[in-house]
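# Structural characterization, general
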Amino acid sequence: MNYYSLNRKAPNVSFKEAVIKGIAPDKGLYFPETITKLPPDFFSSLKDFSKEDIAFQLMEQFVGNDIDLISLERIIQETVSFDFPLVQLTDQISTLELFHGPTMAFKDVGARFMARCLGHFAENDNTSQEVTVLVATSGDTGGAVASGFLGVEGVNVVILYPSGKVSDIQEKQLTTLGQNITALEVEGTFDDCQAIVKNAFVDETITGKIQLTSANSINVARWLPQSFYFAYAYKQIENIEKSLVFSVPSGNFGNICAGMIAYKLGMPVSQFVASVNSNDVVPRFLVNGQYEPKRSVATISNAMDVGDPSNFIRIRELFNQDTSKLRELVSSYSFTDAQTKTAMKHLFTHHDYIADPHGAVGYLGLQEYLKYNTEAQGIFLETAHPIKFLEVVEETIQQKVAIPAHIQQLIKKKKVAIPIKNYEEFKAYMLQSK
């Protein structure tokens, strides 16, 4: 399997090269040359497969010959060593919980898979230089990457996060581990953090001295494993008699794009709903056909505070840049903080379910779609444990939420972060650290 740059001005590369480079020299995201459908009976027989078997079948073609099959099986087994339960709320609506991993966020899977891939490459290539993983986070990515890469030989991790715009627990998860993990606290928004990362990859004064890769969903090893979730949900549905709809809380659009990979592999899905907060670039695009990025605004669903979602270009590529075909499979709705809180209250009052703000946005998007498609069967993704947004959750549902013991210990730890104001300060730090 080879990967090409979506800017089409860089050489095609192998899976290994795409993972290590993160982004192409022409600033383009890497995309698989081919996506081969799995046998038709695979998805109809998912109940007969373990979650490890499902993940292996979904990933094998994308890895190609760069990882031997025995090692790939081991990497996958270590990646998905926790549960992904489907919780039914009504006859028509269920939620897939993706927060049962070590950092209680859906990004644990991609971070663990990528970390183990890089570890495998380092173990099997003595000539490889040390790799620095550079990642921008709007919340959960940072903690998942920090946990997934902690202690991995030959890999250093630098995490950029917007000051004052992540929750206290999210901040502690990425600033308290030490070892090979460094946190940079950026004066600005997530978009500023992401711009610094993108600029670093094309700055030869940095790349000439440091082998950079990214652990954001722009990296194929972070992005593609998220397709597992959708197959795990499909496996758990008792009776699939209606058309199936997934509502995905969307920020950088990596998760929903991975769902579309599962669809392209042959999984039956009638619609994807991209549910967003007040950062509404994609809903506006689907209305007027104009992709117009704008500066992100802060919301209570902070992991989705993205004004220029990187992975939307991959979604457009999946449909050969044909917006009319994209609109047939994808709907998108935007919701305010007030609407999000109302949904959180409703889920708690009527379904005894505590949702975090991101899951609540997913629920709202599914409800909106079902208003006009009453015969559909819907699943919304609950992407983070409500404890990660303790203050807003407790204030909204007027109920105390129990804090797990390991989180109580985390809160007591001292934050260690380096303040950064702009790209020049970031660059100075990177070159000095080298």
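Residues numbered from 1 in each chain as written. Predicted model: local features only at pLDDT ≥ 70, side-chain atom pairs only at ≥ 80, totals over all residues. Heavy atoms only, no water.

With respect to the helices and strands, the residue Lys-21 is situated in helix H1 (residues 15-21). Sequence-wise, Lys-21 and Ser-214 are 193 residues apart; in three dimensions their C-alpha atoms are separated by 7.6 Å. Apart from residues lying up to four places away in sequence, Lys-21 is in contact with Val-13, Tyr-30, Phe-201, Leu-212 and Thr-213. (Helix = DSSP H or I, 4+ residues; strand = E, 2+ residues; numbered from the N terminus. Contact = heavy atoms within 4.5 Å.)

Glancing now at the sheet that holds strand S2 (residues 13-14). Pairing in this open sheet of 3 strands is antiparallel, and the strands run S2-S1-S3 from one edge to the other. Each end of this open sheet is capped by a strand with a single partner; those strands are S2 and strand S3 (30-32). Bridging between strand S1 (residues 2-5) and S3 involves 3 bridges; their strand directions are antiparallel. Directly across from Tyr-4, in S3, lies its bridge partner Phe-31. (Pairing = 2+ DSSP bridges.)

Our next topic: the pairing of strand S8 (residues 181-186). Summarising burial for S8: 5 of the 6 residues are buried, a large majority. Inspection of the sheet shows strand S7 (residues 155-162) paired to S8 by 6 bridges, in the parallel sense. In the strand pairing of S8, Ile-159 is matched with Ala-183. Between S7 and its parallel partner S8, the chain crosses via helix H7 (residues 168-175), and the hand of that crossover is right-handed. (Buried < 20%, exposed > 50% of the residue type's maximum accessible area, 1.4 Å probe, protein only. Right-handed = clockwise from strand over helix to strand, strands pointing away.)

The geometry of two aromatic rings is summed up by the distance between their centres and the angle between their planes. Taken as a whole and judged by the stated rule, the model has 21 aromatic pairs. Taking the centre distance of 5.0 Å and the plane angle of 45° together, the rings of Phe-84 and Tyr-232 count as tilted. Taken as a pair, Phe-84 in the loop between helix H4 (69-79) and strand S4 (86-88) and Tyr-232 in helix H11 (residues 227-236) lie far apart in primary sequence, 148 residues in all. Judged by its relative accessible area of 2%, Tyr-232 falls in the buried class. Pairing Phe-106 with Tyr-229 gives two aromatic rings, centres 6.4 Å apart and planes at 80°, and the pair type is edge-to-face. Of this pair, Phe-106 sits in the loop between strand S5 (93-97) and helix H5 (108-123) while Tyr-229 sits in helix H11, placing them 123 residues apart in sequence. Since its relative accessible area comes to 10%, Phe-106 is described here as buried. Chaining the aromatic ring pairs together yields one cluster made of Phe-82, Phe-84, Phe-106, Phe-228, Tyr-229 and Tyr-232. (Phe/Tyr/Trp six-rings, centres within 6.5 Å; stacked < 30°, edge-to-face > 60°.)

Another point: unusual backbone geometry. Positioned with a positive phi, Lys-27 is a non-glycine residue whose angle comes to about 75°. With respect to the helices and strands, the residue Lys-27 is situated in the loop between H1 and S3. Even without a glycine there, the phi angle at Gln-179 is positive, about 50°. Looking at the secondary structure, you find Gln-179 in the loop between H7 and S8.

Before going further, it helps to examine the UniProt feature "domain: Threonine synthase N-terminal" (unreviewed entry) in the protein. Those residues carrying the UniProt feature "domain: Threonine synthase N-terminal" (unreviewed entry) are residues 2-79 in this numbering. Here residues 2-79 is 46% helix and 12% strand, with 23 Å between the C-alpha atoms at its ends. (UniProt positions renumbered as here; feature names shortened; annotations may be inferred.)

Core analysis: the largest hydrophobic core is formed by 121 residues, its most contacted members being Phe-15, Phe-113, Phe-149, Leu-160, Phe-246 and Phe-426. A per-element tally of this core places H5 first, with 8 residues. Setting aside chain neighbours within four positions, we find Leu-160 in contact with Leu-134, Val-135, Ala-136, Thr-137, Leu-184, Val-186, Cys-193, Ile-196, Val-197 and Phe-426. Leu-89, Ile-93, Val-361 and Tyr-363 belong to the second-largest nonpolar core, a separate cluster that totals 34 residues. (Core = buried A, V, L, I, M, F, W, Y, C linked by side-chain atoms within 4.5 Å.)

Take the pattern of salt bridges next. This model, assessed by the stated rule, comprises 14 salt bridges. Among the salt bridges present, the one from Lys-427 reaches Asp-203, with a minimum N-O distance of 3.4 Å. Linking Lys-427 in helix H20 (residues 423-433) with Asp-203 in the loop between helix H8 (190-201) and helix H9 (204-207), this pair joins segments that are 224 residues apart in sequence. Put simply, Asp-280 and Lys-294 hold a salt bridge, and the shortest N to O gap is 2.7 Å. Here the residue Asp-280 occupies a position in the loop between strand S11 (271-276) and helix H13 (281-288), and Lys-294 occupies one in the loop between H13 and helix H14 (312-318), the gap between them amounting to 14 residues. Asp-280 gets classed as buried once you look at its relative accessible area, which sits at 17%. Judged by relative accessible area, which is 37%, Lys-294 ranks as partly exposed. Connected through shared salt-bridge partners, Asp-280, Arg-284, Glu-292 and Lys-294 make up one network. (Salt bridge = Lys/Arg side-chain N within 4 Å of Asp/Glu carboxyl O.)

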